[in-house]
Structure formats: structure tokens, C-alpha cells
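The chain contents come next:
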Amino acid sequence: MILSSVLQAIGLFLVTNIDDIIVLSLFFARGAGQRGTTARILVGQYLGFAGILGAAVLVSLGAGAFLPPEVIPYFGLIPLGLGLWAAWKAWRGDDDDDDDAKIEGKKVGVWTVAGVTFANGGDNIGVYVPVFLSVGPGAVVAYCIVFLALVAVLVGLAKFVATRRPIAEVLERWEHILFPIVLIGLGVFILISGGAFGL
């Protein structure tokens, strides 16, 4: 049970944070040659991600406390809707996910990284809430621990990518296809496993 939650948490983290690799690698590129860049980015990423997790847990607790259990599976409509919207934007070529614009004119400071991370995490919150609602409290704790451990891995990966441009280009090229597919699948899974619409 715990191993299953850990593996699901790893997969969920990777899918919802793949775009952060690009954004963080741009921060690394911007702070190249400056002393303490890695530490500032790491601390900023942890602060921003802690804000995302805190918001997701609070919304989950509120929804879990005030909504009847039969309504919870319908939260699967959130990642399903986000995935369909992302797929629509990718299909139309409207994907305005310009990672350079997210950090343009911003210094590599702890609060800048934290702010960009939190602002970029709306989709994370939208995905984490239905997942947190569909699992028990122990699994939520396991998810949070795994997510927080993976933040350091994410920052390390971003630093690696920042020094290898071809990798960053491949990630950026395919992220707009993978992201909607996984969100749609997650939404459908939550709906079906929770028995929404009599499924």
C-alpha cells in the first residue's frame, strides 16, 4: 500500500513538475557564475512548493470536511478539464507557456524563485486536491514526503539541464503533449475509481 502510494506520488510529481525543470534551468542560466545560485534556487523552490502543498492540503481538508463523500470523485473533473484545456491549446497552437517570460527581468533570489514556483503551481494544486481527496490521510502524508524529497532532485535535474541545452529543448518540445494526456488519464481514473456518474 505504501509502496503503491510512493510510486504514484513519484509519477504525479514528475508529470506536474516537468515544466519546472525548464523554468529552473532558466534561473540557473541567469545566475551562472554567481556565488550561491544553487542554494538560492533550492530554498526558493522549497518555499514555493511548500506553498503549493499547503494550499492543496488545506483545500482538500476543507472539501473533505464539508462535502458529502459521494461528491469527492467528481473532483476528478478538475484534472480532466485542465488536461482537455491543455490539449485544446496544444492542438490550436495557442500554448502561451513561454518559460522565458516567467523569469524575464527577475533576479535569481530566493523569493523570486519561490514566487515563480507558486505562481506556476496552479495546475499542481488543481491536480493534487482530487488525488488527496481520493486517498487516506496516511497516503497524503506519504505523497507530501515524496514530493518534498523530489524537490531537491528536481533542482539537481534543472541544474543538469541548464548545462545541456539539447535536453531542455526535447523536454520543452514534448511537454505540451505529455501533460494533457496524463491529466486526462488522471481525471478519468479518479472519476472511475470513485464511482462518479455510476461508473
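Just so you know, these numbers come straight off a predicted model, no measurement behind them. Residue numbers run consecutively from 1 along every chain, following the written order of its sequence. Totals for whole chains, interfaces and linings use every residue, but because this is a predicted model, local features are given only for residues with pLDDT of at least 70 and side-chain atom pairs only at 80 or more, for both listing and counting. Neither water nor hydrogens contribute to the side-chain values; these are computed over all heavy atoms in the structure.

Draft legend 1. Main features of helix H3 (residues 77-92). Strands are runs of DSSP state E lasting at least 2 residues, helices are runs of H or I lasting at least 4, and numbering of each runs from the N terminus. What a helix should span is 1.5 Å times the count of its residues minus one. The end-to-end C-alpha distance of H3 is 22 Å, a good match for the 22 Å that 16 residues give at a rise of 1.5 Å each. When H3 is considered as a whole, its buried residues turn out to be Pro 79, Leu 80, Gly 83, Ala 86 and Lys 89. In the segment just after H3, Gly 93 is the residue with positive phi, at about 80 degrees. Exposure categories follow from relative accessible area, calculated using a 1.4 Å probe and restricted to protein chains: below 20% of the type maximum is buried, above 50% is exposed, and the middle band is partly exposed.

Draft legend 2. Structural context of the UniProt feature "transmembrane region" (unreviewed entry) in the protein chain. The sites that UniProt annotates as "transmembrane region" (unreviewed entry) are residues 6-29, 41-65, 71-88, 108-129, 135-157 and 177-197. Its end C-alpha atoms 30 Å apart, residues 108-129 is made of 82% helix and 0% strand. End-to-end, the C-alpha atoms of residues 135-157 are 29 Å apart, and along that stretch the chain is 91% helix and 0% strand. UniProt positions are given in the numbering used here, feature names are shortened, and annotations may be inferred rather than shown by experiment.

Draft legend 3. Examining the packing of helix H1 (residues 2-30) against helix H6 (residues 122-134) more closely. Fitting a line to C-alpha atoms yields each axis, with helices limited to the stretch in contact; the angle taken between N-to-C directions then spans 0 to 180 degrees. Two elements in contact, H1 and H6, have axes separated by 9 Å at closest approach and are oriented at 160 degrees. Taken as axis vectors, H1 and H6 run roughly antiparallel relative to one another. Viewed along their axes, H1 and H6 form a crossing whose handedness is right-handed. Residues Leu 12, Phe 13, Thr 16 and Asn 17 of H1 lie in contact with H6, whose contacting residues are Asp 123, Asn 124, Val 127, Tyr 128 and Val 131. Each residue is assigned to one of three groups, with Ala, Val, Leu, Ile, Met, Phe, Trp, Tyr, Cys and Pro labelled nonpolar, Asp, Glu, Lys and Arg labelled charged, and all others, Gly among them, labelled polar. A breakdown of the residues in the contact of H1 with H6 according to their chemical character gives five nonpolar, three polar and one charged. Put simply, angles under 35 degrees are roughly parallel, angles over 145 are roughly antiparallel, angles from 65 to 115 are roughly perpendicular, and the rest are oblique. Crossing handedness: left-handed means the near helix sits turned counterclockwise from the far one by under a right angle, and right-handed means the same turn made clockwise. Note on contacts: a residue pair qualifies if any of its non-hydrogen atoms lie within 4.5 Å across the two residues.

Draft legend 4. Local environment of the nonpolar core. By size, the foremost hydrophobic cluster in this structure holds 43 residues, and its most contacted members are Tyr 128, Phe 132 and Phe 147. Mapped onto this core, the elements with two or more residues apiece are H1, helix H2 (37-66), helix H5 (110-119), H6, helix H7 (137-162) and helix H8 (165-193). With 12 residues, the top contributor of residues to this core is H7. Setting aside its immediate chain neighbours within four residues, Phe 147 contacts Ala 9, Leu 12, Phe 13, Phe 49, Leu 53, Tyr 128 and Phe 132. Buried Ala, Val, Leu, Ile, Met, Phe, Trp, Tyr and Cys residues that are joined via side-chain atoms within 4.5 Å together make up what is termed a nonpolar core.

Draft legend 5. Looking closely at the packing of H2 against H6. Running from N to C, H2 and H6 cross one another at 45 degrees; their axes reach a closest spacing of 9 Å. The pairing of H2 with H6 is recorded here as oblique in orientation. Seen along the crossing, H2 lies across H6 with a hand that is right-handed. Between H2 and H6, the contacting residues are Phe 49, Ile 52, Leu 53, Ala 55, Ala 56, Val 57, Val 59, Ser 60, Ala 63 and Gly 64 on the first element and Asn 124, Ile 125, Tyr 128, Val 129, Phe 132 and Leu 133 on the second. Of the residues belonging to the contact of H2 with H6, the class tally is 13 nonpolar, three polar and no charged.

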